[in-house]
Amino acid sequence: MRYLIYRWLSPIFLLLLLFWASLFLFYPLNVSATDTVQALFADTNNTIANITITNLRLPRSICAILIGASLSLAGALLQSITRNPLASPSLLGINSGASLAMVIATAINPAMISTYSISFVAAVGGGLSWLLVMLISAGWNGNIERSRIVLAGIAVSMLCAALTKLTLILSEDNAYGVMSWLAGGIGHIRWEAVWNLLPFVLPAILISMIIANKLNILSLSDETATSLGINLTQLRILINLCALCLIGACVSVAGPFAFIGLLIPHLARYWIGYDLRKSLPITMLFGAILMLIADIIARAITFPNELPAGAILALIGAPFFVWIARGKQ
């Protein structure tokens, strides 16, 4: 019982506490903690506090939870399928590919940014960059060195970043808005963004939970998985599609976020163990917690202004990446 409370209920309690705090901490318009609770649960639709909380701050916090959980889960899926502790959406070029596709689509047709199609565009861009990484590194070969995939991912990320900058130069009219989006932030989030996320994120999360036991078998070896009746081709396609849906939807809504997909799966495995049936839910909980913390810190540092949450995540994740690179390789 004590184990259950410590390992499961404490992250859930922390998430709820941060969710509540994220609705009133470090905003130019002051709403007290008590008024926040009343705005959420009381019938006070005509008050300024209720309008502010329900229309502006609530979708922002919900979106932070969804993005943190989704990107962390995507990182865990990529680390499982590649058997590489350094695998993550940012290091394997998927974030940069999705960003490049978004920038190109915005430069060609800015109206796409307000429709569901932009999530599909981001997912396709991330998928193409991931395919390029696998082709360069021969990633389908289970016997290759783990560092080859990461090096290929870094190379593809640099290529996509260069093409993104070139596109921005050639499309100056949309450059300012796109540059703000590329920094990674959720300050602009409204309910529409939440509804855009849910159709992509929820099915991918559900499928990931269903196949978690197969992912445990996949972590052993291809030969062992095949001998136990696992169709490796179908499983890898399914995992890749789930990861691309999670990443593409998040990038299309809030821009690229670095390191969260790298950092959180390691923390989850340390907290609960290597069984993916347990570590994947904890990964999503920790990812949501970190995203809320980053968003609160981003508002606090330059209050009453705010920094992009992506910058805070990069500051947190970069030292951790150095530690992982030195200790795990």
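Summarised in this report is the structure supplied together with it. Nothing here was measured: the structure is a model prediction, and the numbers come from that model.

**Some details on the overall build of the protein chain**
Each helix and strand in the protein chain was counted, giving 14 helices and 0 strands. When the elements of the protein chain are put in sequence order from the N terminus, they spell out α-α-α-α-α-α-α-α-α-α-α-α-α-α. Here the contacts in the protein chain between residues at least 6 apart in sequence split such that 75% fall between residues at least 24 apart. Carbon and sulfur atoms provide 69% of the accessible area of the protein chain, an area that totals close to 15400 Å².

**Looking at the pattern of salt bridges**
Where charged atoms from two side chains of opposite charge come close, those side chains can pair. Taken as a whole and assessed by the stated rule, the structure comprises 4 salt bridges. Two residues, aspartate 275 and arginine 277, come together in a salt bridge whose shortest N-O distance is 3.0 Å. One salt-bridge network, in which partners are shared between bridges, spans Arg60, Asp295, Arg299 and Glu306.

**Notes on a nonpolar patch on the surface**
Residues Leu132, Ile136, Leu159, Leu163, Leu166, Ile169 and Leu170 make up a contiguous nonpolar surface patch of about 660 Å² in total accessible area. Counting only elements with at least two residues in the nonpolar patch, the list comes to α5 (117–137) and α6 (146–170). Broken down by element, the residue count for the nonpolar patch peaks at 5 residues, all from α6. The residue isoleucine 136 is located in helix α5 in this model. A relative accessible area of 48% means that isoleucine 136 is categorised as partly exposed.

Criteria and thresholds
- Residues numbered from 1 in each chain as written.
- Predicted model: local features only at pLDDT ≥ 70, side-chain atom pairs only at ≥ 80, totals over all residues.
- Heavy atoms only, no water.
- Helix = DSSP H or I, 4+ residues; strand = E, 2+ residues; numbered from the N terminus.
- Contact = heavy atoms within 4.5 Å.
- Areas by Shrake-Rupley, 256 points an atom, 1.4 Å probe, with all protein chains shown as cover.
- Salt bridge = Lys/Arg side-chain N within 4 Å of Asp/Glu carboxyl O.
- Patch = residues over 30% accessible without salt bridge, like charges linked within 9 Å, V, L, I, M, F, W, Y side chains within 5 Å.
- Buried < 20%, exposed > 50% of the residue type's maximum accessible area, 1.4 Å probe, protein only.

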